[in-house]
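Below, each chain spelled out in residue letters.
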Amino acid sequence: MRITSTSCICPVLVCLCFVQRCYGAAHHGSIKVTRNQTRHTEGETEVHHRPKRGWVWNQFFVLEEHMGPDPQYVGKLHSNSDKGDGSVKYILTGEGAGTIFIIDDTTGDIHSTKSLDREQKTHYVLHAQAIDRRTNKPLEPESEFIIKVQDINDNAPKFTDGPYIVTVPEMSEMGTSVLQVTATDADDPTYGNSARVVYSILQGQPYFSVDPKTGVIRTALHNMDREAREHYSVVIQAKDMAGQVGGLSGSTTVNITLTDVNDNPPRFPQKHYQLYVPESAQVGSAVGKIKANDADTGSNADMKYTIINGDGAGVFSISTDKETREGILSLKKPLNYEKKKSYTLNIEGANTHLDFRFSHLGPFKDVTMLKIIVGDVDEPPLFTMPSYLMEVYENAKIGTLVGTVTAQDPDTANSLVRYFIDHNTEEDRYFTIDANTGTIKTAKIFDREETPWYNITVAASEIDNPELVSHVPVGIRILDVNDNPPELAREYDVVVCENAKPGQVIQTITATDKDNSANGARFHFSLDEGLSLNPNFTLKDNEDNTASILTRRRRYSRTTQDIYYLPILISDGGVPPLSSSSTLTVRVCACERDGRVRTCHAEAFLSSAGLSTGALIAILLCVVILLAIVVLFITLRRSKKEPLIISEEDVRENVVTYDDEGGGEEDTEAFDITALRNPSAAEELKYRRDVRPEVKPAPRHHPSSSLDSINVQEFIKQRLAEADLDPSVPPYDSLQTYAYEGHRSEAGSISSLDSVTTQSDQDYNYLGDWGPEFKKLAELYGEIESERTT
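Being a predicted model, the structure only gives us computed values, none of them experimental. Residue numbers here run from 1 along each chain, matching the order of that chain's written sequence. Where totals are concerned, whole chains, interfaces and linings use all residues; where local detail is concerned, this predicted model gives features only for residues with pLDDT of at least 70, and gives and counts side-chain atom pairs only at 80 or more. Here the side-chain values reflect all heavy atoms present in the structure, with hydrogen atoms and water set aside.

### A word on helix α6 (residues 712–725)
Rules: Strands are runs of DSSP state E lasting at least two residues, helices are runs of H or I lasting at least four, and both sets are numbered from the N terminus onward. Given a helix with a known number of residues, its expected span is that number minus one, times 1.5 Å. Buried means the residue's accessible area, taken with a 1.4 Å probe over protein chains only, is under 20% of the maximum for its type, while exposed means over 50%, and partly exposed covers the values in between. Arc, as used here, means the arc of the directions from the helix axis to the C-beta atoms.
A rise of 1.5 Å per residue sets the reference length of α6, with its 14 residues, at 20 Å; its end C-alpha atoms lie 20 Å apart and thus fit the reference within 8%. Listing the buried residues of α6 in full gives F715, I716 and E722. Angular distribution of buried residues about the axis of α6 spans 120 degrees; they occupy a single face of the element. Exposed residues on α6 whose side chains face more than 90 degrees from its buried face are K717, D724 and L725.

### Some points on the environment of V367
Note the following rule: Residues are treated as being in contact if the distance between any of their heavy atoms lies within 4.5 Å.
If you trace the backbone, V367 turns up in strand β22 (residues 365–375). Sequence separation between V367 and Q270 is 97 residues, and the spatial gap between their C-alpha atoms is 9.6 Å. The residues contacting V367, other than those within four sequence positions of it, are F268, K271, I308, I347 and E348.

### Let's talk about the pattern of salt bridges
Stated formally: Salt bridges are identified by distance alone: a Lys or Arg side-chain nitrogen within 4 Å of an Asp or Glu carboxyl oxygen.
Counted by the stated rule, this structure contains 18 salt bridges. Of the charged contacts, one joins D355 and R357 as a salt bridge, the two residues approaching to 2.9 Å between their closest N and O atoms. Residue classification places R357 among the exposed positions, given a relative accessible area of 55%. Ionic pairing is found between R448 and D480, a salt bridge with its closest N-O pair at 2.9 Å. Note that R448 is positioned in the loop between β29 (439–442) and β30 (453–462) and D480 in the loop between β31 (469–479) and β32 (487–488), a separation of 32 residues in sequence. Of the two residues examined, R448 and D480, each falls in the buried class. Each of R226, E227, E230 and D260 takes part in one network of salt bridges that share partners.

### Considerations on unusual backbone geometry
Looking along the chain, the bond that leaves G162 and enters P163 is cis, with omega of -5 degrees. By the secondary structure assignment, P163 is in the loop between β8 (143–150) and β9 (164–169). Following Q205, the chain continues into P206 via a peptide bond in cis, with omega recorded as 10 degrees. Along the polypeptide, P206 turns up in the loop between β11 (198–203) and β12 (208–210). At N136, a position not held by glycine, the phi torsion is positive, near 60 degrees.

Put into structure tokens, the structure is as follows:
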């Protein structure tokens with residue numbers, strides 16, 4: 001089978017079709033399927049091999065974007081098994097078979113039913129097969145072929161990154177590269193000129209040019225000035241088909257901005273300026289502004305202002321405002337219209353960032369002259385000094401002169417001045433001032449030791465214009481007078497040891513004086529001369545504002561005298577000298593050999609016996625140990641209990657001994673005698689909690705009629721019988737002894753257990769019949785009865 005096609009468009013395809021058809025005509029229009037046959041000797045059968053395919057394949061081509069009314073013819077399939085009788089059926093499978101591509105199953109003609117786009121899909125892979133129409137068996141093996149979509153120029157070039165924004169420095173050289181633009185064409189670059197793009201400039205000449213092949217945009221003029229024109233809009237076109245007529249095109253916009261360089265020097269708009277400044281302007285304040293213009297921007301327009309000369313260079317200063325690029329003129333010294341009425345300044349403004357490529361355009365600085373006119377202002381009075389310092393002695397009388405302040409009107413009018421104290425604090429009320437002369441006097445008596453310094457504020461105003469006020473601080477120091485005697489610096493605790501030796505220093509004392517050093521720097525110490533010579537202690541002046549207390553004899557005894565009093569006289573070196581007397585208390589204490597104080601309390605009798613502190617501690621420790629042993633012994637005796645079971649070594653075996661004695665009649669809690677006299681009131685039999693009885697004891701029957709007749713002896717016997725028969729008792733023999741003292745006394749009991757609750761029914765007269773032994777008891781109860789009756 002062979003494939004033929006009438007769509008031979010290009011000369012190559014025409015040659016291919018021509019060769020194909022000539023080859024087919026030489027073989028009667030088909031390539032036969034031949035079989036490989038091998039002849040053998042007689043008697044051997046033929047061996048059939050796989051037949052060779054009789055297909056002639058070429059790539060089919062179909063034009064994209066076909067817009068005709070009929071399906072586009074692609075090509076033809078033909079098998080050499082096809083005799084033209086319609087017995088061969090052609091089948092087409094693969095990409096687009098049946099939808100895009102259809103085949104005539106009898107003739108093998110292939111048509112395209114849809115318009116194809118190469119930019120979406122460049123080729124299709126299909127499979128062809130010839131089968132027997134009657135048996136549906138393949139006549140040839142399935143084969144694969146390709147249908148390529150042939151490109152046409154149906155896509156214009158596109159700038160995918162546009163529009164563009166780019167900058168280039170001003171004053172650049174001609175031909176400086178600005179930007180490279182690139183356009184893409186979706187057509188096939190390997191077929192024709194459909195994708196061959198050429199660049200051209202539509203807008204932006206003569207300032208810029210573009211390379212037609214590379215798309216590089218360059219400057220086309222020399223020295224383009226940003227100050228003349230800053231922004232440019234350039235339109236670049238890209239056209240395919242190598243720019244030929246009929247080619248498709250696309251365009252983009254490139255916005256180009258010229259960036260600034262320092263190619264313009266600063267210039268002052270005027271060469272002469274004049275500024276008015278009142279003489280009342282404060283030092284450090286801004287009094288004016290000046291500015292030089294610079295056509296550049298950013299750092300290229302930064303500048304610095306300086307005063308290069310002039311008679312006002314020492315009075316004024318100038319600084320640069322970085323935001324506004326203005327020169328700020330400030331006042332360095334106060335102005336005085338009466339002394340100088342005008343100043344002249346030469347001010348220079350220069351760029352701080354220079355570009356030496358453009359130094360030929362310089363110099364990049366400019367100078368202007370500024371004349372400053374000082375304005376006359378009515379000023380407040382001016383004190384002769386910025387502050388005053390005065391002195392006055394303490395204890396001075398009220399009205400004592402302290403000092404004088406002076407102020408004058410600085411104006412030419414020279415108005416009179418009035419003085420007054422600004423009473424803002426309490427200290428200002430301690431002084432007075434003469435309104436006309438400015439003389440300050442005391443208004444109270446001062447004590448330097450209480451307040452050594454006063455600060456006041458004096459104000460001065462013009463009489464003609466009281467609103468103009470000036471102030472001056474005045475400091476007043478209170479001078480010292482020797483009016484305070486010296487005294488001991490602190491309370492001293494003076495101790496002398498019993499074993500002290502004569503001439504031994506026991507204390508060093510110092511003194512203090514509230515007056516300053518001029519009236520109390522040197523102190524003199526001595527014993528009170530009005531008293532007789534002290535036989536125990538003496539005092540030595542060390543002549544360094546200290547004194548030492550020394551002993552005069554050997555050994556001191558606390559038992560004889562434990563405290564001594566030593567009067568001391570202290571005087572200062574002031575004029576006139578002042579003195580004071582103080583008394584030191586000296587305690588006698590027991591000390592160690594090295595001088596350490598052991599005790600100062602009254603236990604000298606122990607020390608005299610030769611007992612040291614260690615011996616006393618040992619004795620006290622022994623006493624404490626003995627007391628602890630006694631307390632422990634008493635505690636053990638009280639808490640000791642005899643065990644119920646005697647140990648095996650005890651020869652008495654299981655004899656339980658009770659040796660507890662009763663508390664007598666006062667012991668009302670040891671045993672309830674009422675239970676013995678009235679068994680019916682006793683509790684029921686209680687079983688042991690630690691042993692569970694196996695046999696329940698027989699119940700006891702106590703008729704109510706017989707309970708009253710049972711005495712104590714019978715009650716005890718009954719309890720003994722119950723204990724013997726009780727199976728819950730411990731599993732060992734025990735001896736229980738119950739003592740019985742017999743019947744009650746004929747005289748009756750004196751115990752209060754049987755006493756009736758009402759005391760008024762008791763009669764104690766019978767106590768007198770019991771004999772002399774009960775005489776005292778009868779007297780006591782007789783007195784109680786008489787008191788109750790009364």
